[in-house]
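An overview of the molecular structure
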Amino acid sequence: MVGVKKFISFLLVFSLLLSTSIAYAEAYGVYYYKDSKGNPLAFRGTSGVSTLTYYIDSSARTYKSQIESAIQEWVKATRNNSSAARVGMTEASSASSANIVFIAKSSFPSYITPSDSLGYTEFYDGSYSVGNGVSPPTSKWTKCYVYLKTNLSSAQAKRTACHELGHCFGLG
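Residues numbered from 1 in each chain as written. Predicted model: local features only at pLDDT ≥ 70, side-chain atom pairs only at ≥ 80, totals over all residues. Heavy atoms only, no water.

Counting buried positions over the 6 residues of strand β3 (residues 100-105) gives 5, a clear majority of the element. Where strand β1 (residues 52-56) lies against β3, 3 bridges are found, and the strand directions are parallel. Among the inter-strand pairings, Y55 is bridged to a residue of β3, identified as V101. Judged from the 6 bridges that link them, β3 and strand β5 (residues 143-149) form a sheet pairing that is parallel. Residue F102 lies in a different strand from β5, and its bridge partner there is V146. (Buried < 20%, exposed > 50% of the residue type's maximum accessible area, 1.4 Å probe, protein only. Helix = DSSP H or I, 4+ residues; strand = E, 2+ residues; numbered from the N terminus. Pairing = 2+ DSSP bridges.)

What follows deals with the sheet that holds β5. Hydrogen bonding along the main chain pairs the strands of a sheet, whether they run parallel or antiparallel. Read from one edge of the open sheet, 5 strands run β2-β1-β3-β5-β4, paired in mixed fashion. Each edge of the sheet is formed by a strand with only one pairing partner; in this case those strands are β2 (89-91) and β4 (119-124). Between one strand axis and the next, the sheet turns through 25° on average, direction left out of account. The sheet contacts of helix α3 (residues 154-168) involve β2, β3, β4 and β5, and relative to β4 the element is tilted by about 25°. (Axes fitted to C-alpha atoms, helices over the stretch in contact; angles between N-to-C directions. Contact = heavy atoms within 4.5 Å.)

Next up on the list: unusual backbone geometry. Between T113 and the following residue, P114, the backbone shows a cis peptide bond with an omega angle of -5°. Mapping P114 onto the fold places it in the loop between β3 and β4. We note that N151 has phi near 65°; this positive angle belongs to a residue other than glycine. Note that N151 resides in the loop between β5 and α3. The exposure class of N151 is exposed, given its relative accessible area of 75%.

As structure tokens, then:
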């Protein structure tokens, strides 16, 4: 009888934990940018995120191994996805030919909050120029500029690059 009571107690606790976890995932889960019809927004003119190119600006070359490691984390994490949702990236020979450009800066614009951010991403459809950015929740984009703070530790650089790549791929 003691074994049955323990089993029933276990089932009750497990059910409570499971329902709490599901509610948490629905309330705080991963979301992605969607258009007005609920379709995911991402790079325009590509086969999802499987054929993207990246370029590491000279200012961010000190983070090259961390950026490439972050890319490989995305490749490994998505290798079992459908082909359009599988991350695949190759290095471009120039910033102008890349979908994603990594740049390091010592300070960020005042509109970047919080002020102690380690990185941020800007989205563009067409040429890169001030005022030409697009808003990911409402527009598709052809190019992302990922800005990393200078003087990051190796671990910070990798985590920040990995996080900002998620935004490039359409995660909010």
